[in-house]
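# Notes for the structure review
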Amino acid sequence: MGCGHKDDKASLASTQIASFSHQPHRPPSAPASKEVWKKGGRMFSILLAVHLALLACTLVSSGAFEKIAVHDYDVFFLLTVMMLIVIAWIIFYLASTSRCPDAIPCRDSHAGPVWLRGGLILFAIFSLVMDVFKIGYYSSFYSCLSAIKIIYPIVQAIFVVVQTYFLWISAKDCVHVHLNVTRCGLMLTLTTNLAVWMSAVTDESVHKAHSKFRKNVTEELFRWLLKVGMRSSSAEECNCNSQICQIFNNGYFWLYPFNIEYSLFASAMVYVMWKNVGRFIDHHSHHIHRLKFRLFQRTFFVGIVLGLIILVSGLGVLILYEVQINSSTESSKKSQALSMYYIFNIVCLGLMSLVCIGGSVIYRFDKRDMDGHKNPTRTLDVALLMGSALGQYAISYYSIVAIVASTPRDAVSALNLTYALLMIAQHTFQNIFIIEGLHRQPPKEDHRRDSHQKDLYGLTFANINAVSLRVPDSGSTLDSTAASGAEGTHPSDFIRSLTAPKMNWRRKFLREISMFLLLSNIILWIMPAFGARPQFDNDTELNFYGDSMWPAIVDICLPFGIFYRMHAVASLLEVYIMS
């Protein structure tokens, strides 16, 4: 169906190529009619995604409450069906595009960069380990469980493998066959990842909430055992008593953060693919940047060393915090742990804010042009940065109101207030720095473009001096240089050598800043993702908002804050490479 239609478009495009070879492969009358169907197909796929997302959200949220007659195995059944449909569609997509030679006429060079796909594979590996732990845990007492509790992690493991392979080889595709089916399939894939993310966040929040009261409230422990799928009326019959069962139980909950990040990374990459369905790439405005990742070149090592110090110190603070909070019930030990946590974060956030301000000032002196070309990947990066930051903004403002309105105030409250204010400032300054870095052109872009234009169009009034400098070097070898496909290499090197002393220090400082912020964001992601959550341990907010409202606020907003840190790491890596 799609290949025959594509052949007609290819024949029209071939006539254009014969008349004007450097124009993009686009039929003269296609764009007008194509836009109408593109909007209709996008609208239908969006409506499909919205309805599925609302259904999944309803089931997941209802399954989290004990008084509602919706069980977690109902949620797992829906997610299993959705993942199986996505697996079938991915196989169909790969088969149809491989058999049709004109299915993918162009690829988006900005979509699915290698560091993003590498991060996706890393999270996929940990997600597979989590599924293995789940299978081992549920298999320990399979006779008391619904069958879907064991089937779900098996299907999820297959889904992770198939989807990771699909995104690794197809993230850059601009597909032009089965447009509406592809859009609906991609939206179904995106919705499935978001539903899995919601389920994982809910399970992790319920587990952490129950673990806080497990030592003192036996009835809560009994209800928690029922929530994980026990059908027997006897809790002892299905209790997890063996050591291997306890290892599986604790292991897969510790691996939940990786599965959560995997779902969000996959959702972002699928969204970019959805935007690129039916898209034509203008090769004259869509420059391909072949940038190399040089970690230990052109750097002073200050950012790396300082970032590693912050990272190692943060790991030590995390270990001490967890030990003191979980092993002791004394209020003095709890206050000491909170003070240590807040002091470290205040120092870290303060340094990050100052560094971001310094980076923004350096951008004022950067001579690189702003990249205004259409780039769905960059647009999504900016939207995710701004949107996910709202979660931490909300928690910080709720904390500020509770601290200011509460009495009496102690040293921990003062540290908490400073921490909340710095969290708002750091997110704001970091977003400004990252967004401005993402919109800068690579350092060699201007030189390559100028030299290319000089070789094509010769003398111009604006470049008389530059041309007069390069004529003695390239005049005798112009023909041979053009034939070898390396025109303008020597002139651009000569011009770059004149400006290198003035530009290099700025780019070096930007790379140092990017690396320091990258390592700092890693530790600020690790701490809340692996248990250091002072929002549940500080009594100020709990007493002010109540035991039901404040945990709900944190459970809703904190996952967005955790995702912000990991997405900032990926964006800062791109800024580092572009600097």
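Residues numbered from 1 in each chain as written. Predicted model: local features only at pLDDT ≥ 70, side-chain atom pairs only at ≥ 80, totals over all residues. Heavy atoms only, no water.

As recorded by an unreviewed UniProt entry, the protein carries the name OTOP2 protein and is attributed to Pampusana beccarii. Heading Sequence similarities (unreviewed entry) of the UniProt record for the protein holds this comment: "Belongs to the otopetrin family." Under the Subcellular location (unreviewed entry) heading, UniProt states for the protein: "Cell membrane". (UniProt positions renumbered as here; feature names shortened; annotations may be inferred.)

With that settled, the discussion passes to a nonpolar patch on the surface. On the surface, V114, I121, I125, V129, Y165, W168 and I169 cluster together into a nonpolar patch covering about 590 Å² of accessible area. Going through the elements one at a time, α4 (114-139) and α5 (148-170) are the ones with two or more residues in the nonpolar patch. The greatest single-element share of the nonpolar patch, amounting to four residues, is contributed by α4. Structurally, the position occupied by I121 is in helix α4. (Patch = residues over 30% accessible without salt bridge, like charges linked within 9 Å, V, L, I, M, F, W, Y side chains within 5 Å. Areas by Shrake-Rupley, 256 points an atom, 1.4 Å probe, with all protein chains shown as cover. Salt bridge = Lys/Arg side-chain N within 4 Å of Asp/Glu carboxyl O. Helix = DSSP H or I, 4+ residues; strand = E, 2+ residues; numbered from the N terminus.)

With that settled, consider the pattern of salt bridges. Evaluated as defined, the whole model comprises three salt bridges. Two residues, K334 and D539, come together in a salt bridge whose shortest N-O distance is 3.3 Å. On the criterion of sequence distance, the pair formed by K334 in helix α11 (residues 331-364) and D539 in helix α19 (residues 539-545) is long-range, its members being 205 residues apart. The class of K334 is partly exposed, set by a relative accessible area of 26%. D539 sits in the partly exposed class, given a relative accessible area of 39%. One salt bridge connects R364 with E436, and the closest N-O pair in it is separated by 2.2 Å. Note that R364 is positioned in helix α11 and E436 in helix α13 (residues 411-438), a separation of 72 residues in sequence. Of the residues examined, R364 reaches a relative accessible area of 53% and is grouped as exposed. (Buried < 20%, exposed > 50% of the residue type's maximum accessible area, 1.4 Å probe, protein only.)

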